[in-house]
Amino acid sequence: MLRITAGKLATAMRGSVGVTATRATAVRFSHGSEESAEEFDKRYEKYFSREGIDGWEVRKGMNDLLGMDLVPSPKVIESGLRACRRVNDIALAIRWLEGCKDKCGDQKATLYPYLLEKITPTLKELGVPTVEELGYDKPELALKSVFDM
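Residues numbered from 1 in each chain as written. Predicted model: local features only at pLDDT ≥ 70, side-chain atom pairs only at ≥ 80, totals over all residues. Heavy atoms only, no water.

Caption draft 1: Looking closely at the packing of helix H2 (residues 37-48) against helix H4 (residues 74-86). With their axes 8 Å apart at the nearest point, H2 and H4 run at an angle of 10 degrees to one another. Taken as axis vectors, H2 and H4 run roughly parallel relative to one another. Here H2 contributes Asp41, Tyr44, Glu45 and Phe48 to the contact with H4, which in turn contributes Lys75, Val76, Ser79, Gly80, Ala83 and Arg86. Its residues placed into classes, the contact of H2 with H4 shows 4 nonpolar, 2 polar and 4 charged. (Axes fitted to C-alpha atoms, helices over the stretch in contact; angles between N-to-C directions. Helix = DSSP H or I, 4+ residues; strand = E, 2+ residues; numbered from the N terminus. Parallel < 35°, antiparallel > 145°, perpendicular 65-115°, else oblique. Contact = heavy atoms within 4.5 Å. Nonpolar A, V, L, I, M, F, W, Y, C, P; charged D, E, K, R; others polar.)

Caption draft 2: Up close: the nonpolar core. One finds Phe48, Val58, Ile77, Leu81 and Leu97 to be the most contacted residues of the largest nonpolar core, which totals 27 residues. Of all the secondary-structure elements, those providing two or more residues to this core are H2, helix H3 (55-67), H4, helix H5 (90-103) and helix H6 (108-126). Among the elements that take part in this core, H6 stands out by supplying 6 residues, more than any other. Leave out the neighbours within four places in its chain, and Val58 touches Phe48, Ile53, Ala83, Cys84, Val87 and Leu92. (Core = buried A, V, L, I, M, F, W, Y, C linked by side-chain atoms within 4.5 Å. Buried < 20%, exposed > 50% of the residue type's maximum accessible area, 1.4 Å probe, protein only.)

Put into C-alpha cells, the structure is as follows:
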C-alpha cells in the first residue's frame, strides 16, 4: 500500500517538475541577442590582450575556444600566441597551434595552410615554431603499415 502511494506521488512530482523545467528552458532561450562574428573575435582578442593575464586564464580562454564548434580566426590565434608569449609559455603556444589545426577537421588541407599563411609573420616575430617544424605532425614511434611493406 505504501509502495503504491509513494509511486503515485513520485509520478505526480515528476510531471509537475517536467512542465516547470520546459517552461524555464523556453524562457531562457528567448532572451539575449546574437553576437556577430566580428564582435566574437573582438571579445576574444580583448580577452587575450588584457594586462595581467596569467597562464590559467590563457588556458581557460583557449580551452573555451577549442570547445566551441568553430575554427578560431587568424586574429584570435595571433592574440592567443601573444598571450602565450607574455606568460612565457612556449609549450602552450605549440598546443594552441596544434588545437587550432585539429579544429580544422576534414577541411585541414584547405583551412590550415590558410591559417598558417596569415599567422606566419606573428610566429616569426615571437619565435614560435610550427607543429610541422618540430616534427609533431607525424607520430614518432609509429610502425609502418603491413599494407605499405
